[in-house]
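# Structural description and commentary
Letter by letter, the chains look like this.
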Amino acid sequence: MKKVTLILSLILVLCMLVACDPKPNKGGTDDDNSQNEQETTKMYITIYGNKLEVTLADNSSVTALVELLKQGDITYTADDYGGFEKVGSIGHSLPQNNTPIDTKAGDVILYQGNNICLYYGNNSWNFTRIGWIKGYTATELRNLLGAGKGSTQVTISLN
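This report concerns the structure included in the present document. These numbers were taken from a predicted model, which means no experiment stands behind them. (Residues numbered from 1 in each chain as written. Predicted model: local features only at pLDDT ≥ 70, side-chain atom pairs only at ≥ 80, totals over all residues. Heavy atoms only, no water.)

Now for the pattern of salt bridges. Overall, the coordinates contain five salt bridges when judged by the stated rule. Among the salt bridges present, the one from Glu 53 reaches Lys 42, with a minimum N-O distance of 3.4 Å. With a gap of 11 residues between them, Glu 53 in strand S2 (residues 50-56) and Lys 42 in the loop between helix H2 (30-40) and strand S1 (43-47) connect regions that are remote in the sequence. Judged by its relative accessible area of 38%, Glu 53 falls in the partly exposed class. Look at the salt bridges and you will find they share partners, linking Lys 104, Asp 107 and Arg 129 into a network. (Salt bridge = Lys/Arg side-chain N within 4 Å of Asp/Glu carboxyl O. Helix = DSSP H or I, 4+ residues; strand = E, 2+ residues; numbered from the N terminus. Buried < 20%, exposed > 50% of the residue type's maximum accessible area, 1.4 Å probe, protein only.)

Let's shift gears to helix H4 (residues 138-145). Buried within H4 we find Leu 141, Leu 144 and Leu 145. For H4, the arc enclosing every buried residue in end-on projection is 90°, short of the 170-degree limit, so these residues lie on one face. Residues of H4 that are exposed and point over 90 degrees away from its buried face: Thr 139 and Asn 143. Along its buried surface, H4 packs onto S1, S2, strand S4 (85-89), strand S7 (115-119), strand S8 (123-133) and strand S9 (152-157). Two residues or fewer past H4, Gly 146 is found with a positive phi of approximately 70°. (Arc of directions from axis to C-beta. Contact = heavy atoms within 4.5 Å.)

Per the stated rule, a full pass over the model turns up four aromatic pairs. On the basis of an interplanar angle of 90° and a centroid distance of 6.1 Å, the ring pair of Tyr 81 and Phe 84 is categorised as edge-to-face. Classification of Phe 84 as buried rests on a relative accessible area of 15%. Arranged with centres 6.0 Å apart and planes meeting at 70°, the rings of Tyr 111 and Phe 127 form a pair that is edge-to-face. Remark: Phe 127 occurs in strand S8 and Tyr 111 occurs in strand S6 (residues 107-111); sequence separation between them is 16 residues. Classification of Tyr 111 by relative accessible area gives partly exposed; the value is 28%. Here the aromatic residues Tyr 81, Phe 84, Tyr 111, Tyr 119 and Phe 127 are joined through ring pairs into a cluster of three or more. (Phe/Tyr/Trp six-rings, centres within 6.5 Å; stacked < 30°, edge-to-face > 60°.)

Judged by nonpolar contacts, the single largest core of 30 residues is most densely connected at Met 43, Ile 45, Leu 65, Val 108, Leu 118, Ile 130 and Ile 156. Top element by residues in this core is helix H3 (residues 60-69). It accounts for five residues. When sequence neighbours within four positions are dropped, the list of residues in contact with Ile 156 reads Met 43, Tyr 44, Ile 45, Leu 65, Leu 69, Asp 73, Ile 74, Tyr 76 and Ile 90. The next biggest cluster of nonpolar side chains, apart from the first, holds seven residues, and it includes Phe 84, Ile 109, Tyr 119 and Phe 127. (Core = buried A, V, L, I, M, F, W, Y, C linked by side-chain atoms within 4.5 Å.)

The quantities given are spatial measurements derived from coordinates; they are silent on function.
This is the structure:
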């Protein structure tokens, strides 16, 4: 009886091991490669000679913007709005992925498909997130963006 129980236990353990055996990795798929490319692609915003790195969100708006930037940098004029952002038209329409967002300093947002908003304060609305500028306080971003000082030239690039 002990031998039968032992044999059944071994069979059960072997079945569990076979069921949990992961499939071998054969170098990744196209989906894996595009996801890795998205993760490694960085965008930069240059204002008054300061180059800020943007960590990109994962959506079709970002994919379209990256493809556009592969053709060349985009420079646009951004103006203060509401005491919490600099906003300006990039001259191109991108797909929108609007969701309710509570913005904070450092957020880079697509608004109405053709405007890029750089936040140095808070706001709540249905927007499309492009990414985040990390490593700066709200006060530092306000100063870097020239908040309250009129129009600002912004260049977005991939390098």
